[in-house]
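Residue-level structure breakdown
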Amino acid sequence: MDVPANREWMYKRVLPDGVGLENTFYEGVETFISHACKLDLFKNEGTIRCPCVICDCRQIRTPNEVEDHLYKKGFRENYFYWTCHGEKRPASINITCPPPPTDRQNGCVEKVSSYEAMIMDVAGPSFAQCQQQNTDESPNEQTQKLFNLLDAAQSPLFEGCTSHTKLSATLQLLTIKAEHNLSQEAYNKIVDFCRGTWPSDNCMPSDYYRTKKLVKSLGLSYEKIDCCVNGCMLFYKHDINEKVCRICEQERYTLKKTRGNKVKQVPRKRMWYLPLAPRLQRLYSSPATAKNMKWHFENVPEEGVLIHPSDREAWKHFDRAYPNFAAEPRNVRLGLCSDGFSPFNMSGRPYSCWPVIVTPYNLPPSMCMKEEYMFLTIIIPGRKNPKAKIDVFLQPLIDELKLLWDTGVTTYDVSSSENFQMKAALMWTINDFPAYGMLSGWSTAGRLSCPICMEQSQAHILDNGGKVSFFDCHRQFLPMDHPYRRNKNNFKKNEQETKPPPQIFPGDQIW
Amino acid sequence: MPKVPESEAGRPADYGHKHHWNKQSIFWDLPYWRTNLIRHNLDVMHIEKNVFDNVFNTVMDIKEKTKDNVKARMDLAVLCKRRELELVDLGNGKFKKPKAQYTLSASQRRAVCEWVSQLKLPDGYVSNIRKCVDLNTCKLQGMKSHDSHIFMERLLPTAFSSLPGKVWNPLVELSHFFRDLCSATLKVDHLEQMEKNIPITLCKLEQIFPPGFFDTMEHLPIHLASEAKMGGPVHYRWMYPFERYKNNIYY
């Protein structure tokens, strides 16, 4: 659509750095308000129709409120001609304005190409070559799946459909399912209905099972690992064929009748593991993130100012200890978080599962710790808190981290178009105080609860309250000549403090 | 040391006396784990929230929640020289708990609640704290962690300004400590100063509040500044983003 010259300011609201508004926008809103104040509506009632995104010219408000709304939300879409405020669209524009269908087609082309780009991200560079060469030999299984996907991304939903392809329609419907927590049954019925309304030659997968089968080849899969009901061990690696827990001797399976009156073995408890390496590889195969993964290396920190963990001692110490790892800026540093989570309503039977989330620290501050870059890696099933047995469930992750540290995985970096051996290291864990005890092994309940002072802690148990108290534990952190240290009246009675602050042991002296 | 403890009864020898290890964590299997300077982070979000809850409930003298209860006063008589706070025997088998200078009087409590109930804060800065106030009981209910975060760092100095200076000053120092710690950009020299100041602040609080007030959460701030000096800004190492993530997968 043509934009009149004096209305260009309308959709340039926020300054490029995201903080504050453009001056032209302030002036523009003022002209808009003064224009609207000439209308009959204002003369009679003192109000204006609000053209902001939310009100959409349907609400009537005072000029001050309208001004506020416009600063906060901006104008509604394509409101270059203020038709709700007494203006008319110039007649000549209607002719030059492109007809809507073409417009939609343009959008469609863009969308389709973005879906194809997604498949290219999955496939990597070798696939693109394979596609160009058009060799006669039949492609292997993996490549065949990708070709099928690409086919789905290119074939229109039905003959003559320009707005959607098979893949785009499927993925959008799946998104709706996930966002609104639809059941499989509901999904199947919606698909059934849609297929009925479209021409009969449409190629939408007919139910949820087939949809999943199609989407599965996009990768980023998960594994289900059976575990002991009491959380003593995983049926994993060399224990994969065991039937009984080695420690508590509980059965692995329970018997369940299926519909056909057959009896089937069903595992009593299962954990979910979502492998980490493919998710990290995907960060490098997408142009949107690949170049940002080197930010921590390219950024030159200002002396004495901290804005990112890479500016600090813990990170630099790690670099000094492992120069080989630090030499490749594309190697990934990770943080791990675990926390209890009750998926069901509080009023029901208590159930707490423990998601384990891993996040990369290579990214710039504007991307780091954002939801898109948090990888849910393990779901530890409930019903109870795993407590110290959480380590059992971390085994697959630790095994993968060891692999990522020792050999790494070959990864295609799209920003420099080359393969490299990506390694990863876990920097630290993030957890609340009870989880600190579970992950570190130092129990954070009782008298020696401080995991940093450790056995040098001066905490004591109160005679009457029966609770742990850290009263009078902080004088030892003061300089040796501080007057508080000699004070016998205001702290514990008749006691002076002569001890130095507790020594913090480095990791190699702890175990 | 066992990798996975089998039961609570089978704890390692000397548990609770010389150490608190109940297992060797699986993370030590990682070859580089022992060289990491910070292996586990103290979570500033929960520490700040718990410290705020304890301070607020004690100063507002909220029944059942205050740390300044009868047992705390009995412990105080054992450990400290503070005659004016010890329980007074009234002679008929009853005891009186004298009012401490660190609690607010009923009218002052009401004034705080009324002030909060009229607060107007920027959009998106904090949830509507006005709705948390219960004017009948003079309590704040249903505050989210982030509300505690804002209250601790921004509102506490004003809210408790009616306290005597000796009590108010260390509380304000604590408030400023958390505010400086949570800022998006940290300065090394500033952090070193904070590392020196926080023991003094806590010592000042020890001279005011009874021993029962100082549970683990009041002790942990002493380690936060040095941890930030090693690990960088706290918003890369706290739970807020993960709690939000959890909130989004909740269905």
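Residues numbered from 1 in each chain as written. Chains lettered and ligands numbered in written order. Predicted model: local features only at pLDDT ≥ 70, side-chain atom pairs only at ≥ 80, totals over all residues.

Across its full length, chain B carries nine helices and six strands. Each principal axis of the C-alpha distribution contributes one length, and for chain B these read about 65 × 50 × 45 Å. Per-residue burial for chain B yields a buried fraction of 39% across its 251 residues. Partitioning the intrachain contacts of chain B with sequence separation of at least 6 by distance along the chain shows that 58% fall at a separation of at least 24. (Helix = DSSP H or I, 4+ residues; strand = E, 2+ residues; numbered from the N terminus. Buried ≥ 20, exposed ≤ 12 C-beta atoms within 10 Å, placed from the backbone. Contact = placed C-beta atoms within 7 Å.)

Turning next to the packing of helix α6 (residues 188–206) of chain B against helix α8 (residues 221–231) of chain B. Residues and elements named next belong to chain B. One can describe the packing of α6 onto α8 by two numbers: an axis separation of 9 Å at closest approach and a directional angle of 170°. Overall, the two elements α6 and α8 adopt an arrangement that is roughly antiparallel. Counting all contacts with α6, which are made through Val-188, Leu-191, Met-194, Glu-195, Ile-198, Pro-199 and Leu-202, the residues of α8 involved are Pro-221, Ile-222, Ala-225, Ser-226, Ala-228 and Lys-229. Split by residue class, the contact of α6 with α8 holds ten nonpolar, one polar and two charged. (Axes fitted to C-alpha atoms, helices over the stretch in contact; angles between N-to-C directions. Parallel < 35°, antiparallel > 145°, perpendicular 65-115°, else oblique. Nonpolar A, V, L, I, M, F, W, Y, C, P; charged D, E, K, R; others polar.)

Okay, the interface of chain B and chain A next. Tallying the contact residues gives 73 residues for chain B and 81 residues for chain A. Contributing elements (two or more residues each) for the side of chain B that touches chain A: β1 (40–41), α2 (70–79), β6 (186–187), α6, α7 (216–219), α8 and α9 (240–249) of chain B. Broken down by element, the side of chain B that touches chain A gets its largest block of residues, seven residues, from α6(B). Classifying every residue of the side of chain B that touches chain A by side-chain character gives 34 nonpolar, 20 polar and 19 charged.

The next subject is the confidence of the model for chain A. Residue-level pLDDT values for chain A average 86, and 93% of them are 70 or greater. Scored below 50 in pLDDT, residues 93–112 of chain A makes 14 contacts in the model with residues more than four places away or belonging to other chains. (pLDDT = per-residue confidence, 0-100.)

Residues and elements named next belong to chain A. Relative to the helices and strands, Pro-360 resides in strand β9 (residues 354–360). Under the C-beta neighbour-count criterion, Pro-360 is labelled buried, with 24 such atoms within 10 Å. Distance from Pro-360 to Ala-425, taken between C-alpha atoms, is 9.7 Å for residues 65 residues apart in sequence. Beyond its immediate chain neighbours, meaning those up to four positions away, Pro-360 contacts Leu-280, Leu-283, Val-332, Arg-333, Leu-334 and Tyr-373.

Residue and element names in this part refer to chain A. You can read the domains of chain A as domain 1 (5–96), domain 2 (105–216), domain 3 (225–270), domain 4 (276–440) and domain 5 (451–511). When each unit is reduced to the centre of its C-alpha atoms, the spacing between domain 3 and domain 4 is 31 Å. Listed per partner, the contact involves eight residues of domain 3 and six residues of domain 4. In the side of domain 3 that touches domain 4, the residues fall into five nonpolar, one polar and two charged. (Domains from an automatic or database assignment.)

Moving on: helix α1 (residues 23–36) of chain A. Residue and element names in this part refer to chain A. For α1, built from 14 residues, the straight-helix expectation of 20 Å at 1.5 Å per residue is met to within 8% by its first-to-last C-alpha distance of 20 Å. Looking at α1, one finds that the buried residues are Phe-25, Gly-28, Val-29, Phe-32 and Ala-36. The arc that holds the buried residues of α1, viewed along the axis, is 100°, so those residues lie on one side. Facing away from the buried surface of α1 by more than 90 degrees, the exposed residues are Asn-23, Glu-27, Glu-30, Thr-31 and Ser-34. The inward-facing, buried residues of α1 abut α2 (40–45), β1 (48–49) and α3 (63–73). (Expected span 1.5 Å × (residues − 1). Arc of directions from axis to C-beta.)

Here we come to the pairing of strand β12 (residues 418–422) of chain A. Pairing between strand β11 (residues 409–413) of chain A and β12(A): five bridges, direction antiparallel. Across the sheet, residue A:Thr411 finds its bridge partner in β12(A), namely A:Phe420. (Pairing = 2+ DSSP bridges.)

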